[in-house]
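Here's the letter readout for the chains.
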Amino acid sequence: MNLGNWLARREPWQQQLEDARDAAAVDYARIIHSASFRRLQGKTQVLNLGDSDFYRTRLTHSIEVAQIAGGIARQLEKDNQAHPALSSIPDITMIQAIGATHDLGHPPFGHGGEVALNYCMRSNGGFEGNGQTLRILTRLEKFSAGAGANLTRRTLLGVLKYPVGYSVVVNPDSKMQPRLHTLPTSIKVIDRSASKPPKCFMDSEQDIVNWILAELSIADRTRFTSITSVKGKHRKTLHKSFDCTIMDVADDIAFGIHDLEDALELRLIGEEDFRQLIAEGDCGCFLDVLKSKYSHEFRNDVYEGFVEAMMGEPGRRKRFVNRLVHHFVTHCLIETDDAFEDPLLRYKVVLPKAQRRFLDALTKAVTLKVIRSPSVQHLEFKGQGMVVAVFEALVSDPEALLPPPVFKSYATDPNPMRAICDHVAGMTDMALMKTYERLFSPRMGSVFDMI
């Protein structure tokens, strides 16, 4: 593998002679110091911002994903000294940079806001959070004149979670139309199922993806960008790069474990729910570790002790949360797909079947008892309505309502709606709410407000 080509940047950049950092460290610094990364502190992870200082935001989640991804990379080096993939394992700084970026593109109100913006952009190229991450890093950040953060090709390949454009994978039969319900007054309610975006990058970044994949052979590019179709649904991509699979597993671990920790702290998951959704059969691989290493902590049944610890006082729960993360990180495996030529595509990181079953059970518990709970869904519903209302208000009179720098982008962009979408997607939850109130609440707003 010609590492130099993978460390190339889209825009020429000369590093100062006294700067001791390598290319990965430069990428990591640009991400950590970006405005988009800072704004993650004001964006919902799962629980509503402001409910408590304890619960995670997109920022703390991203930091945790970066740390876990670094731990996986170090563990892979330790466990695979004789593996041909050893020389392709990213160094910790590189994989932490990729992990820190993975949620930059998520709009206010999380996946609810993502669905709302995809509806708003239904006739203008759609919207998808991972695709927006790539757009932020390669166009919208300000570290270069025309290449965004101007990151290395390898970092961008790791960020490219779904390597196919929106128009290729979107369900051609999808009908994203509002459903009008007559309540005291008529309100617009979007069809959330029909408005869910495909997993992709936006077509506006096709030239950038072409540059990222330019180092691959034609055969590798063709296979890497292959898709599968299911009638009546969005098409799906089939492959991710080696670095991206490390980040993806780290994201799964952080979501399944840390969001579960938040849910337990809030008592959104009770003991009966825990036993039903995270049954003893799902936990077998972890219970075996507890029996072999920590048997002295349990009076009798290890599963009962595990449930008791997770439902008990925060200090003991935290110790078990740490053990859970350790368990998944230390069981990551490298799989080989010999149909690919380039090592960055040939290898991928996976969890063994037992660990994957356990992590899927943790994730399912959070999804069913928290994300799909009426209390969270009410907030998501409200957030979607505000996103649609703000977007449509700005579209109605861009010159009057957009901040001057945004209107400049609007006036010069080949797809003007994309500039408005970038503006709304970049808002924090609080900024979106304040904009909504300033536009629609009679007693809110001031000429001194920052917009």
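Participant: Could you clarify how one ought to interpret the overall build of the chain in this entry?
Facilitator: When helices and strands are tallied, the chain shows 23 helices and 6 strands. Relative to the 2.2 N^0.38 estimate, which gives 22 Å for 451 residues, the radius of gyration of the chain is 23 Å and therefore close to what a compact globule would have. Along the first, second and third principal axes, the C-alpha set of the chain runs to 70 × 60 × 50 Å. Split into buried and exposed, the 451 residues of the chain put 52% on the buried side. Counting only contacts in the chain whose residues sit at least 6 apart along the sequence, the fraction spanning at least 24 positions is 73%. When the accessible surface of the chain is totalled, it reaches about 20,900 Å², and 53% of it is carbon and sulfur. Taking the 55 positively charged and 56 negatively charged side chains of the chain as two groups, their mean positions are separated by 3 Å.

Participant: What exactly am I supposed to notice about unusual backbone geometry here?
Facilitator: Among all residues save glycine, negative phi is the norm, and among peptide bonds the norm is trans. Even without a glycine there, the phi angle at Phe109 is positive, about 65 degrees. As for its position among the elements, Phe109 is in the loop between helix H5 (92-101) and helix H6 (110-120). Overall, the relative accessible area of 11% leaves Phe109 in the buried class. The backbone of Asn150 sits at a positive phi, close to 55 degrees, despite the residue not being glycine. Residue placement: Asn150 occurs in the loop between helix H7 (129-140) and helix H8 (153-159). Looking at Asn150, the relative accessible area reads 2%, which means it is buried.

Participant: Hey, could you run me through the pattern of salt bridges in this one?
Facilitator: Side chains that differ in sign of charge can pair as their charged atoms come close. Going through the model one piece at a time under the given rule, you end up with 27 salt bridges. Between Glu205 and Arg139 there is a salt bridge, and its shortest N-O distance comes to 2.7 Å. One end of the pair, Glu205, is in the loop between strand S2 (186-190) and helix H10 (206-212); the other, Arg139, is in helix H7, with 66 residues separating them in the sequence. Where Arg139 meets Asp207, a salt bridge forms, and the shortest distance between an N and an O atom there is 2.6 Å. Residue Arg139 is found in helix H7, and its partner Asp207 is found in helix H10; the two are separated by 68 residues along the sequence. Put simply, Arg135, Arg139, Glu205, Asp207, Asp413 and Asp422 are held in one network by salt bridges that share partners.

Participant: What is the right way to look at the packing of H7 against helix H22 (residues 416-425) in this model?
Facilitator: When two helices pack together, you describe them by how their axes are tilted relative to each other and by the distance separating the axes. Where H7 contacts H22, the axes come no closer than 12 Å and their chain directions differ by 105 degrees. Relative to H22, the element H7 lies roughly perpendicular. Contacts from Gln132, Arg135 and Leu140 in H7 reach Arg418, Asp422 and Ala425 in H22. Partitioned by chemical class, the residues of the contact of H7 with H22 number 2 nonpolar, 1 polar and 3 charged.

Participant: What is the right way to read the packing of H5 against helix H12 (residues 242-265) from this model?
Facilitator: Running from amino to carboxyl end, H5 crosses H12 at an angle of 60 degrees, the nearest separation of the two axes being 10 Å. Classified by the angle between their axes, H5 and H12 sit oblique to one another. Relative to H12, the crossing made by H5 is right-handed. The residues of H12 that touch H5, namely those facing Ile95, Ile98 and Gly99, are Asp243, Ile246 and Met247. In the contact of H5 with H12, the residues fall into 4 nonpolar, 1 polar and 1 charged.

Participant: Looking at this model, I keep getting lost on the state of the cysteines. Mind explaining?
Facilitator: Put plainly, a disulfide is one covalent bond tying together the sulfur atoms of two cysteines. For the structure shown, the criterion picks out 0 disulfides. Looking at the unpaired Cys200, the closest cysteine sulfur is the one in Cys421, lying at 12 Å. Take Cys244: it sits in no disulfide, and the sulfur closest to it among the cysteines is that of Cys200, at 14 Å.

Participant: Can you walk me through the nonpolar core in this structure?
Facilitator: A general tendency of soluble globular proteins is for nonpolar side chains to be buried together. Ile72, Ile253, Phe274, Phe306 and Phe358 are the most contacted members of the largest nonpolar core, which totals 89 residues. It is H12 that provides the largest number of residues to this core, a total of 13 residues. Not counting residues up to four positions away in its chain, the partners in contact with Phe358 are Ile278, Asp282, Cys283, Cys285, Phe286, Phe306, Leu324 and Phe328.

Participant: Sorry, what's going on with the packing of aromatic side chains here?
Facilitator: One pair of aromatic rings is described through two measures. These are the centre distance and the angle between the planes. Applying the stated criterion across every chain, the model contains 10 aromatic pairs. Between Phe328 and Phe358 the ring centres are 5.5 Å apart and the planes differ by 35 degrees, which places this aromatic pair in the tilted class. One end of the pair, Phe328, is in helix H16 (residues 314-329); the other, Phe358, is in helix H18 (residues 353-371), and 30 residues separate them in sequence. Accessibility classification places Phe328 together with Phe358 in one group, the buried group. It is Arg153 that lies over the ring of Trp211; its NZ or CZ is 4.1 Å from the centre.

Participant: Can you walk me through a nonpolar patch on the surface in this structure?
Facilitator: On the surface, Leu401, Leu439 and Phe440 cluster together to form a nonpolar patch covering roughly 230 Å² of accessible area. Considering the arrangement of structural elements, one finds Phe440 in helix H23 (residues 429-440).

Participant: Looking at this structure, how should I read the confidence of the model for the chain?
Facilitator: When pLDDT drops low, the exact placement of atoms in the prediction is not to be read closely. Summary statistics for the chain give a mean pLDDT of 91 and a share of 92% for residues scoring 70 or more. Segment residues 49-54 is flagged for pLDDT under 50; beyond a separation of four residues in sequence, or across chains, it makes 9 contacts in the model.

Participant: Just checking my understanding: could you explain the environment of Gly281 for this structure?
Facilitator: The topology assignment puts Gly281 in the loop between helix H13 (271-277) and helix H14 (284-293). The partly exposed category is assigned to Gly281, whose relative accessible area is 46%. As for Gly281 and Arg357, which are separated by 76 residues in sequence, their C-alpha atoms are 9.4 Å apart.

Each value, and the rule that gives it
- Residues numbered from 1 in each chain as written.
- Predicted model: local features only at pLDDT ≥ 70, side-chain atom pairs only at ≥ 80, totals over all residues.
- Heavy atoms only, no water.
- Helix = DSSP H or I, 4+ residues; strand = E, 2+ residues; numbered from the N terminus.
- Rg over C-alpha atoms; globule rule 2.2 N^0.38 Å.
- Buried < 20%, exposed > 50% of the residue type's maximum accessible area, 1.4 Å probe, protein only.
- Contact = heavy atoms within 4.5 Å.
- Areas by Shrake-Rupley, 256 points an atom, 1.4 Å probe, with all protein chains shown as cover.
- Lys, Arg positive; Asp, Glu negative; His and termini not counted.
- Charge placed at Lys NZ, Arg CZ, Asp CG, Glu CD.
- Salt bridge = Lys/Arg side-chain N within 4 Å of Asp/Glu carboxyl O.
- Axes fitted to C-alpha atoms, helices over the stretch in contact; angles between N-to-C directions.
- Parallel < 35°, antiparallel > 145°, perpendicular 65-115°, else oblique.
- Nonpolar A, V, L, I, M, F, W, Y, C, P; charged D, E, K, R; others polar.
- Left-handed = near helix turned anticlockwise from the far one by under 90°.
- Disulfide = S-S within 2.5 Å.
- Core = buried A, V, L, I, M, F, W, Y, C linked by side-chain atoms within 4.5 Å.
- Phe/Tyr/Trp six-rings, centres within 6.5 Å; stacked < 30°, edge-to-face > 60°.
- Lys NZ or Arg CZ within 6 Å of the ring centre and 35° of its normal.
- Patch = residues over 30% accessible without salt bridge, like charges linked within 9 Å, V, L, I, M, F, W, Y side chains within 5 Å.
- pLDDT = per-residue confidence, 0-100.

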